Amino acid sequence: MSDRLPVYVLNGPNLNLLGVREPDIYGRETLADVQALCERAAGDATVVFRQTNHEGELIDWVHEAREKASALVINAAGYTHTSVALLDALKTLTIPVVECHLSNPAARERFRHRSYVSAVAAGVVSGFGPFSYELAVRAALRLAQERRAAADRSV
Ligand code: DQA
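These notes cover the structure that comes with them. (Residues numbered from 1 in each chain as written. Predicted model: local features only at pLDDT ≥ 70, side-chain atom pairs only at ≥ 80, totals over all residues. Heavy atoms only, no water.)

Turning to the overall build of the protein chain, a few remarks are in order. In terms of regular secondary structure, the protein chain is built from five helices and five strands. Ordered by position in the sequence, the α and β elements of the protein chain form the string β-α-α-β-α-β-α-β-β-α. Its C-alpha radius of gyration of 15 Å places the protein chain within 12% of the 15 Å reference for a compact globule of 155 residues. Oriented by its inertia axes, the alpha-carbon framework of the protein chain measures out at about 50 × 30 × 25 Å. Put simply, the protein chain shows about 7,900 Å² of open surface, and 49% of that area lies on carbon and sulfur atoms. Of note, the protein chain has its 17 positive side-chain charges centred 4 Å away from the centre of its 18 negative side-chain charges. (Helix = DSSP H or I, 4+ residues; strand = E, 2+ residues; numbered from the N terminus. Rg over C-alpha atoms; globule rule 2.2 N^0.38 Å. Areas by Shrake-Rupley, 256 points an atom, 1.4 Å probe, with all protein chains shown as cover. Lys, Arg positive; Asp, Glu negative; His and termini not counted. Charge placed at Lys NZ, Arg CZ, Asp CG, Glu CD.)

A word on the site of the ligand. With respect to spatial proximity, the complete set of residues near the ligand consists of R21, Y26, N75, A77, G78, H81, H101, L102, S103, R108 and R112. Between the ligand and S103 there is a distance of 2.6 Å, counted from an oxygen atom to a side-chain nitrogen or oxygen. Within the side chain of R112, an N or O atom sits 2.9 Å from an oxygen atom of the ligand. Along the lines of polarity and charge, the residues of the shell around the ligand split into three nonpolar, five polar and three charged. (Near = heavy atom within 4 Å. Polar contact = N/O pair within 3.5 Å; in protein donor to acceptor, adjacent residues only side chain to side chain. Nonpolar A, V, L, I, M, F, W, Y, C, P; charged D, E, K, R; others polar.)

Okay, here's the thing in structure tokens:
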């Protein structure tokens, strides 16, 4: 594992409509704006930033991250609250996972209170709009760096 591998930032369904979708909840910034924020937050590190509306594709990307990422930031959107298959995929990872949400699901409808992603996440950042992503990327990079330092110490 290397912290020189990219940080993957994966986004689930409907986040392609960020900026026009329920702006009172999710704000006016677009997913492209969020991507730019993540890239700035990552500094010299590379960010692989993707969005899909398809559960299987999201799972394929989690599998890809097993080999190609130093850490994963994931906003699984609606799949956060429903997808056992996504949880199973995330359980195959050994890299740090940071769960991220624009809104604060814990303060919303009851069905949003359960997160399958939280079961495997090192931590959760939610409720700060796009700033949640900035914090999540910074946390992911820090965790990846700590893992690398620990691995270096053990050789
Ligand atoms: C979300 C919160 C989820 O409950 C919702 O289904 C989303 C977006 C967020 O970023 O606040 O699509 O993940």
